[in-house]
Amino acid sequence: MAELSTRPVRPALLSDDTALGELDRATWSTLHSVQSRQQPPYEPFFSDRNRPEQLLVTEAQDAAGEVRIAGYIRVVPPTPLACHTHVRQIQGLAVADWARGRGVARGLLRAALAAARGEGASRMTLRVLGHNVPARALYESEGFVVEGVLPGEFLLAGRYVDDVLMGRSLTP
């Protein structure tokens, strides 16, 4: 599939709440989520623990020609500790079904790495489920390496699934 022509990656806005909530629910899967599927009535996407300034989004035209959010990435400091301020952690990446396989996730990931560097971070980490082969391949292609595995950490749909810890340097 050809790369999707996206608009520049931008910080999320409070006004993106509904669209991001819909995207999050539409892309939910045990391939990447350890949380239960949300049920109505839905909570707002943004909360005290999930703030707009933690997300980058990208928009693109869908098949009907409508400009919509095609994906998001959430990057946060992993802890509030002063000794940990050099690290950022990816805690969410979602791409709309209509935009998958067309470079959206890679573009968001690269923008997140650049933004973290711009904030003075020197390291990026993430956790990915062991059976999420597409995500692991993307992260590895962008320089992430497996730094640890928690075997059978989660029981999802009757199967034990590994929690894979990955990381990479942000310095040249």
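Presented here is a report on the structure given in the accompanying data block. Throughout, a residue's number is its position along its own chain's written sequence, starting from 1. Local features in a predicted model are, by the rule used here, given only for residues with pLDDT of at least 70; side-chain atom pairs are given and counted only at 80 or more, and totals for whole chains, interfaces and linings are based on all residues. The side-chain values count all of the structure's non-hydrogen atoms but skip hydrogen atoms and water molecules.

**Regarding the layout of surface pockets**
Each cavity reported here is a set of points on a 1 Å grid over the protein atoms alone in which a 1.4 Å probe fits but cannot get out, each pocket an open set with protein on both sides within 12 Å along at least five of seven lines, and each lining residue one with an atom within 4 Å of a point. Grid points are joined across faces, edges and corners, and a volume is the space filled by probe spheres set on the points. A volume near 230 Å³ is recorded for the second largest pocket. What lines the second largest pocket is a set of 15 residues, among which Glu53, Gln54, Leu55, Val75 and Glu119 lie closest to the centre. Residue assignment for the lining of the second largest pocket shows that the elements contributing at least two residues are β2 (55-61), β3 (67-76) and α2 (104-118). Taken together, the residues that form the lining of the second largest pocket break down as 10 nonpolar, one polar and four charged. We count a stretch as a helix when DSSP gives it H or I for four or more residues in a row; a strand needs E for two or more, and each element gets its number in order from the N terminus. The classification used treats Ala, Val, Leu, Ile, Met, Phe, Trp, Tyr, Cys and Pro as nonpolar, Asp, Glu, Lys and Arg as charged, and all other residues, Gly among them, as polar.

**Here we look at the packing of aromatic side chains**
Only Phe, Tyr and Trp rings take part, Trp by its six-membered ring, and two of them pair if their centres are within 6.5 Å. Stacked means planes under 30 degrees apart, edge-to-face means over 60, and tilted covers everything else. Overall, the coordinates contain three aromatic pairs when judged by the stated rule. Arranged with centres 5.6 Å apart and planes meeting at 70 degrees, the rings of phenylalanine 45 and tyrosine 72 form a pair that is edge-to-face. Here tyrosine 72 lies in strand β3 and phenylalanine 45 lies in the loop between α1 (17-27) and β2, a separation of 27 residues in the sequence. A residue is classified by how much of its surface remains accessible, and phenylalanine 45, at 11% relative accessible area, is buried. Only protein chains enter the accessibility calculation, which uses a 1.4 Å probe; a residue is then buried when its area is under 20% of its type maximum, exposed when over 50%, and partly exposed in between.

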